[in-house]
Amino acid sequence: MQQPSDGIDVLPPEKIAFIAYNVGMFESVQKFGALITSGKITGGMDPAKVAELLENTPAFYDSEMIAQLVNGMLAQSSGMTVGRVTAAQVDNVIRQLKAAGVRLSR
């Protein structure tokens, strides 16, 4: 449940975690997909080399894109405790992740 505090939405921890998880998943899938389809990741490759490639591979996404993907997923699921997600909420979580030292492509 959101509660405004001085004009700022205060997100419940489960919603922050849900959004952060989905940002990370989207970024990872996009990066792995790009590396696999370009032939840069092959079977039997050294995990350290894969990690290096992932670190140096860009990913493109914005808050609106993530919000729409999450809301589409939520619409297909029943009984989810996390309600709809807005682009502003995604931006808020991304700022929190970056402030905590999480490196994101965006």
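The structure we're discussing is the one just above.
None of these values were measured; they are calculated from a predicted model. (Residues numbered from 1 in each chain as written. Predicted model: local features only at pLDDT ≥ 70, side-chain atom pairs only at ≥ 80, totals over all residues. Heavy atoms only, no water.)

Draft legend 1. Fine view of the packing of helix 3 (residues 63–76) against helix 4 (residues 87–99). Closest axis-to-axis distance for the helix 3/helix 4 pair is 8 Å, and the angle between their directions is 115°. Relative to helix 4, helix 3 is oriented roughly perpendicular. Relative to helix 4, helix 3 is oriented so that their crossing is right-handed. Contacts between helix 3 and helix 4 involve Ser63, Glu64, Ile66 and Ala67 from the former and Ala87, Val90, Asp91 and Ile94 from the latter. Looking at the contact of helix 3 with helix 4 residue by residue, the class counts come to 5 nonpolar, 1 polar and 2 charged. (Axes fitted to C-alpha atoms, helices over the stretch in contact; angles between N-to-C directions. Helix = DSSP H or I, 4+ residues; strand = E, 2+ residues; numbered from the N terminus. Parallel < 35°, antiparallel > 145°, perpendicular 65-115°, else oblique. Left-handed = near helix turned anticlockwise from the far one by under 90°. Contact = heavy atoms within 4.5 Å. Nonpolar A, V, L, I, M, F, W, Y, C, P; charged D, E, K, R; others polar.)

Draft legend 2. Here's a closer look at a nonpolar patch on the surface. On the surface, Tyr21, Met25 and Val29 cluster together into a nonpolar patch covering about 320 Å² of accessible area. Looking at the secondary structure, you find Tyr21 in helix 1 (residues 13–37). (Patch = residues over 30% accessible without salt bridge, like charges linked within 9 Å, V, L, I, M, F, W, Y side chains within 5 Å. Areas by Shrake-Rupley, 256 points an atom, 1.4 Å probe, with all protein chains shown as cover. Salt bridge = Lys/Arg side-chain N within 4 Å of Asp/Glu carboxyl O.)

Draft legend 3. The packing of helix 1 against helix 4, seen in detail. Across the interface, helix 1 lies against helix 4 with an axial gap of 10 Å and an inter-helix angle of 80°. The orientation of helix 1 with respect to helix 4, classified from their angle, is roughly perpendicular. Here Lys15, Ile16, Ile19, Ala20 and Val23 of helix 1 come into contact with helix 4, specifically with Gln89, Val90, Val93, Ile94, Gln96 and Leu97.

Draft legend 4. Spotlight on the packing of aromatic side chains. Scanning the entire structure with this criterion turns up 1 aromatic pair. An angle of 85° between the planes, with centres 6.0 Å apart, marks the rings of Phe26 and Tyr61 as edge-to-face. Taken together, the residues Phe26 in helix 1 and Tyr61 in the loop between helix 2 (47–55) and helix 3 connect sequence positions 35 residues apart. Taking the relative accessible area as the measure of exposure, Tyr61 reaches 3% and is therefore buried. (Phe/Tyr/Trp six-rings, centres within 6.5 Å; stacked < 30°, edge-to-face > 60°. Buried < 20%, exposed > 50% of the residue type's maximum accessible area, 1.4 Å probe, protein only.)

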